[in-house]
Amino acid sequence: MTVSNRILLTLAAAVLLAQPVQAADEEPQKNFGSVEERRIENSIIEERANIRKEREYISLREKELKTLEESVDKKLAEMDRKLEELRRQEKKIEALLAAKSEEEKKRTEDLAKIYEKMSPEKAATSLSGLDQRLAADLLANMKAKAAARVLDQMTKQKASELSTTFSTLQLE
């Protein structure tokens with residue numbers, strides 16, 4: 001580097017250091033050659049301000065969306081947990097219903113054995129007073145010969161009704 005270049009570089013540095021320092025947001029005061037240049041410069045400054053505001057708004061919206069997303073994720077996790085709990089409860093209820101149904105079936109079989117041992121006249125009288133479905137279930141669990149003797153002792157109408165109910169046993 002030559003001496004003249006060093007002198008020029010030193011002078012340039014001195015001139016730059018002598019100028020006042022401006023804040024980053026402040027625009028330097030410029031001498032415009034025309035009104036059009038000033039108008040364009042002002043419009044650029046306004047656009048920069050608008051862009052800055054839009055970025056701030058977008059940033060705020062992104063934060064809101066993230067918060068909402070976290071809230072939705074928590075709610076979904078809670079719903080999944082509750083759904084799993086409901087499924088466990090459903091399985092428990094199904095097991096209890098199966099056990100109840102099995103117990104009812106056993107008791108119906110035991111009661112049918114008792115009716116088998118009764119005289120056909122007494123069994124017919126007792127079955128006539130029972131619920132149609134229960135009477136049909138009892139007849140279904142009796143031996144065929146014993147059920148036939150009991151039906152023979154009933155009125156024709158009652159025997160017909162029980163036979164119809166017996167033949168249309170429903171799955172429960």
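Note that residues are indexed from 1 along each chain, following the sequence as it is written. Predicted model: local features are reported for residues with pLDDT of at least 70 only, side-chain atom pairs are reported and counted for 80 or more only, and whole-chain, interface and lining totals are derived from all residues. Computation of side-chain values covers all heavy atoms of the structure but excludes hydrogens and water.

Asks: Sorry, what's going on with the overall build of the chain here?
Replies: Starting at the N terminus, helices and strands are each numbered in turn, a helix being any DSSP run of H or I of at least four residues and a strand any DSSP run of E of at least two. A count of helices and strands for the chain gives 6 helices and 0 strands. Going from N to C terminus, the chain has its helices and strands arranged as α-α-α-α-α-α. Residue burial is assigned from relative accessible area. The probe radius is 1.4 Å, only protein chains are included, and a residue is buried under 20% of its type maximum, exposed over 50%, and partly exposed in between. By residue count, 12% of the 172 residues in the chain fall in the buried class. Of the accessible surface of the chain, which amounts to about 14,700 Å², a share of 57% is contributed by carbon and sulfur atoms. Only the protein chains shown count as cover for residues, and all accessible areas are computed by the Shrake-Rupley method using a 1.4 Å probe.

Asks: Please clarify how a nonpolar patch on the surface should be interpreted in this entry.
Replies: Patch membership is restricted to residues that have no salt bridge and whose relative accessible area is over 30%. Joining uses 9 Å for like charges and 5 Å for the nonpolar side chains Val, Leu, Ile, Met, Phe, Trp and Tyr. We define a salt bridge as a contact between a side-chain nitrogen of Lys or Arg and a carboxyl oxygen of Asp or Glu at a distance within 4 Å. A surface patch of nonpolar side chains, amounting to about 290 Å² of accessible area, comprises V72, L76 and M79. One can find L76 in helix α2 (residues 35–117). Using a relative accessible area of 45% as the deciding quantity, one classes L76 as partly exposed.

Asks: How should I be thinking about helix α3 (residues 120–128) in this particular structure?
Replies: Each full turn of the α-helix corresponds to 3.6 residues, which orients residues three or four apart in the same direction. All buried positions along α3 are accounted for by A123, A124 and L127. In a view along the axis of α3, the buried residues occupy a sector of 100°, so they form one face of it. Of the residues in α3, the exposed ones pointing more than 90 degrees away from the buried face are K122 and T125. This arc corresponds to the set of directions leading from the helix axis out to the C-beta atoms.

Asks: Quick question: what am I supposed to make of the confidence of the model for the chain here?
Replies: Close inspection of predicted coordinates is inappropriate in any region flagged by low pLDDT. A residue's pLDDT is simply how confident the predictor is in it, with values from 0 to 100. Confidence along the chain averages 85 in pLDDT terms, with 80% of residues attaining 70 or more. Considering each helix and strand of the chain separately, the mean pLDDT is smallest for helix α1 (residues 3–18), with a value of 59, and largest for α2, with 95.

Asks: Sorry, what's going on with the pattern of salt bridges here?
Replies: Pairs may arise between side chains of opposite charge once their charged atoms sit close together. Within this structure, the stated rule accounts for 8 salt bridges. For the salt bridge of R39 with E36, the shortest nitrogen-to-oxygen distance reads 2.5 Å. Taken as a pair, R39 and E36 lie in helix α2 at a separation of 3 residues, close to a single helical turn. Connected via shared salt-bridge partners are E78, R81 and K82.

Asks: Explain helix α6 (residues 156–167) to me, please; I cannot follow it from the model alone.
Replies: The end-to-end C-alpha distance of α6, which contains 12 residues, comes to 16 Å, matching closely the 16 Å that a straight helix rising 1.5 Å per residue would cover. Those residues of α6 lying buried are K158, A159, L162 and T165. Down the axis of α6, the smallest arc covering the buried residues is 130°, so these residues share one side. Residues of α6 that are exposed and point more than 90 degrees away from the buried face comprise K156, Q157 and S167. The criterion used for residue contact is that any of the two residues' heavy atoms lie within 4.5 Å. Check the buried side of α6 and you find it contacts α3, α4 (132–141) and α5 (144–152). A helix's residues, less one, multiplied by 1.5 Å, set its expected span.

Asks: How do you make sense of the side chain of T108 when you look at a structure like this?
Replies: Among the secondary structure elements, T108 is positioned in helix α2. Exposure remark for T108: the relative accessible area of 16% places this residue in the buried category. Within 3.5 Å is the distance limit for a polar contact, defined as a pair of N or O atoms, with the added protein rule that one can donate a hydrogen and the other accept it, and that residues adjacent in sequence qualify only through two side-chain atoms. Looking at T108, its side chain comes within polar contact range of the main-chain oxygen of E104, at 2.8 Å. Not counting the four nearest positions on each side in its chain, T108 is found in contact with D137, L138 and N141.

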